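Here is what each chain is made of, one letter per residue.
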Amino acid sequence: MGDLDSKVALVTGASRGIGKAIALDLAANGADMAICARSLQGLQETATAIRELGRKVECYAVDLGDTEAINGTVAHVFEEFGRIDILVNNAGVTRDTLLPRMSESHWDDVINVNLRGSFFFTKAASRVMIKQRSGSIISISSVVGVVGNAGQCNYAASKAGLIGMTKSLAKELCVRGIRVNAVAPGFIETDMTEALSEDAREKALANIPMGRLGTPGDIAHAVTFLAGDASSYMTGQVVSVCGGMVM
């Protein structure tokens, strides 16, 4: 029995990396899970691990650029589980390049998935939470959304947008018993960082006071804390999990 027993959590981008770690940590703490990704096949490993933890799980394939698909997914989750207590907006993409070479599709792809998709998932799930008069919404932003990064103006804009959305919605929804927070990861050990050259990795580490990259579990633990009653007096906050990069 965990802190999230009887809770239902919806996590986007749960097929690998940070999203998978979040889904497993929420399940380990008692939540039943609705997990989303672009394809069902990519979710099977996560779903199997959740079932091994003894929790119910349903998988949903959804394109975050498709508003109707997002609304339909949230409706299916509510039909299957009868409630939505936790929403984690984790799905995201990068299309990194310097501004002179950044195309319209580079910009639109990142904004549509990272910011627009999160907005519509939040809008749909919040309708359920408003009727319940309870809920916790957590968006995965980034330290890049706080401090910026060369070659990532599209990604930084999307993640900064999530922070602004989080703070605004926290003020709107708190009277309905809904808390809205964000987590801003720093450099985390994922498929993306594994592809870094040794030189790029050393430069990244030089900017981290703790001297190491984070793990997906570091982010997952912060999300689980924000999802549960231990953080019941927190809303509109951005929790940086970055080894001290942002102080």
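Residues numbered from 1 in each chain as written. Predicted model: local features only at pLDDT ≥ 70, side-chain atom pairs only at ≥ 80, totals over all residues. Heavy atoms only, no water.

Chemist: Teacher, can you tell me more about the pairing of strand β5 (residues 135-140) here?
Modeler: Put simply, side chains in a regular strand alternate between the two faces of the sheet. For β5, the tally of buried residues reaches six of six residues, placing the bulk of the element in the interior. Across four bridges, strand β4 (residues 86-89) lies against β5 in parallel orientation. Pairing of L87 across the sheet is with I137, part of β5. In terms of handedness, the path from β4 via helix α4 (residues 104-132) over to β5 forms a crossover that is right-handed. Across six bridges, the pairing between β5 and strand β6 (residues 178-185) is parallel. What sits directly across from I138, in β6, is N181. (Buried < 20%, exposed > 50% of the residue type's maximum accessible area, 1.4 Å probe, protein only. Helix = DSSP H or I, 4+ residues; strand = E, 2+ residues; numbered from the N terminus. Pairing = 2+ DSSP bridges. Right-handed = clockwise from strand over helix to strand, strands pointing away.)

Chemist: What should I look at first to understand the pattern of salt bridges in this one?
Modeler: Once their charged atoms are close, side chains differing in charge can pair, the charge on each being opposite to the other. Under the defined criterion, the tally for this structure stands at nine salt bridges. As a salt-bridge pair, R55 and D32 come within 3.3 Å of each other at their nearest N and O atoms. Here R55, found in the loop between α2 (44-52) and β3 (57-61), pairs with D32, found in strand β2 (residues 32-37); they are 23 residues apart in sequence, far enough to count as distant. When the shortest N-O distance is used, the salt bridge between R83 and D85 registers 2.7 Å. Exposure remark for R83: the relative accessible area of 30% places this residue in the partly exposed category. Residue classification places D85 among the buried residues on the basis of a relative accessible area of 4%. (Salt bridge = Lys/Arg side-chain N within 4 Å of Asp/Glu carboxyl O.)

Chemist: What am I meant to see in the sheet that holds β3 here?
Modeler: Two modes of strand pairing occur in sheets, parallel and antiparallel, and in both the strands are linked by backbone hydrogen bonds. The strand order across the open sheet built from seven strands is β3-β2-β1-β4-β5-β6-β7, with neighbouring strands paired in parallel fashion. Since the sheet does not close on itself, it has two edges, and those belong to β3 and β7 (238-241), each with one partner. Within the sheet, the average angular offset between the axes of one strand and its neighbour, ignoring direction, is 15 degrees. Relative to β7, β6 runs parallel, the two being bridged by four bridges. Bridging across to β7, A182 finds its partner in V238. Sheet strands in contact with α2 are β2 and β3, and its direction is about 170 degrees off that of β3. (Axes fitted to C-alpha atoms, helices over the stretch in contact; angles between N-to-C directions. Contact = heavy atoms within 4.5 Å.)

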